[in-house]
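Single-letter residue listing:
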Amino acid sequence: ATKAAAEAEWFSNESVRGSPQRGSRVDFYVELTLASASVTRTAVDSSLTQSERVALLKTAEPRLLKWVNGPEYSPSFDTNDVYQVMRKLHRLNRVWNELSPSTERGDLATQWERRAAEWIDPATPRNQAHGLQDQRKYAEAETIFRQLLAQDRKDQTNASPRLARSLYDLADVLADQKKYQ
């Protein structure tokens, strides 16, 4: 695992050197691979000191967070990619909590695990609304998206990406509604 993580890190660094596609999907996969390699090395490389492990996690965390919270976040980002980032954030916080137990890291691990499960759970309101939209039940989907938007406007944590996603979802269903009715 340590060797594979090191190879993934090297390959990611090499693949991005001189890449004309900065800010693209290439960046996403490179960042995801580098962060994953850091977390894996932290978890399995016994030659690292405690401070080296924490440094790797501190480097990996913003690489992952920017894809779900930062300016790179896009509400239309591939659902599986977002899910993968959330799962990796869960693992990062779980490894960090095992390395240096804290309520904060344990809670973050649980939060990211829950968010990842909700992201793909068909029973969540957002996914139900997308299902209704796929069935061309636009008025019902619009109602749910408006409720989610109102909820996200009240929510102070991660407000900007969630709000952006809710606005995008509402705009998307309204565009479909106008197009097909």
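Our structure's up above, just so we're on the same page.
Source: prediction; values computed, not measured. (Residues numbered from 1 in each chain as written. Predicted model: local features only at pLDDT ≥ 70, side-chain atom pairs only at ≥ 80, totals over all residues. Heavy atoms only, no water.)

### Quick word on the overall build of the protein
Selection rule: Numbering goes from the N terminus for both helices and strands, where a helix is a DSSP run of H or I of at least four residues and a strand is a run of E of at least two. We call a residue buried when its accessible area falls under 20% of the maximum for its residue type, exposed when it is over 50%, and partly exposed in between, using a 1.4 Å probe and counting protein chains only. Any two residues having at least one pair of non-hydrogen atoms within 4.5 Å are treated as being in contact. The protein chains shown are the only cover counted for residues, whose accessible areas, like all others here, come from Shrake-Rupley with a 1.4 Å probe.
A count of helical and extended segments in the protein gives eight helices and zero strands. Starting at the N terminus and ending at the C terminus, the protein contains elements arranged as α-α-α-α-α-α-α-α. Relative to its 181 residues, the protein shows a buried fraction of 39%. Pairs at least 24 apart in sequence give 60% of the contacts found in the protein among residues at least 6 apart. Accessible surface, the protein as shown: approximately 10,100 Å² in total, 51% of it carbon and sulfur.

### Focus on the nonpolar core
Across soluble globular proteins, nonpolar side chains show a tendency to be buried alongside one another. Definition in use: Take the buried residues of types Ala, Val, Leu, Ile, Met, Phe, Trp, Tyr and Cys, join any two whose side-chain atoms come within 4.5 Å, and each joined set is a nonpolar core.
Among the nonpolar cores identified, the biggest contains 21 residues, and Leu57, Leu64, Val68, Val85, Met86 and Leu92 are the most heavily contacted of them. Breaking this core down by element, the ones donating at least two residues are helix 2 (25-44), helix 3 (50-69), helix 4 (79-99) and helix 5 (103-120). Here the element with the most residues in this core is helix 4; it accounts for eight residues. If we ignore the near neighbours within four places in the chain, the residues touching Met86 are Val68, Trp112, Arg115, Ala116 and Trp119. Ala141, Leu148, Leu170 and Val173 belong to the second largest nonpolar core, which has 10 residues in total.

Distances and angles like these do not, on their own, reveal function.
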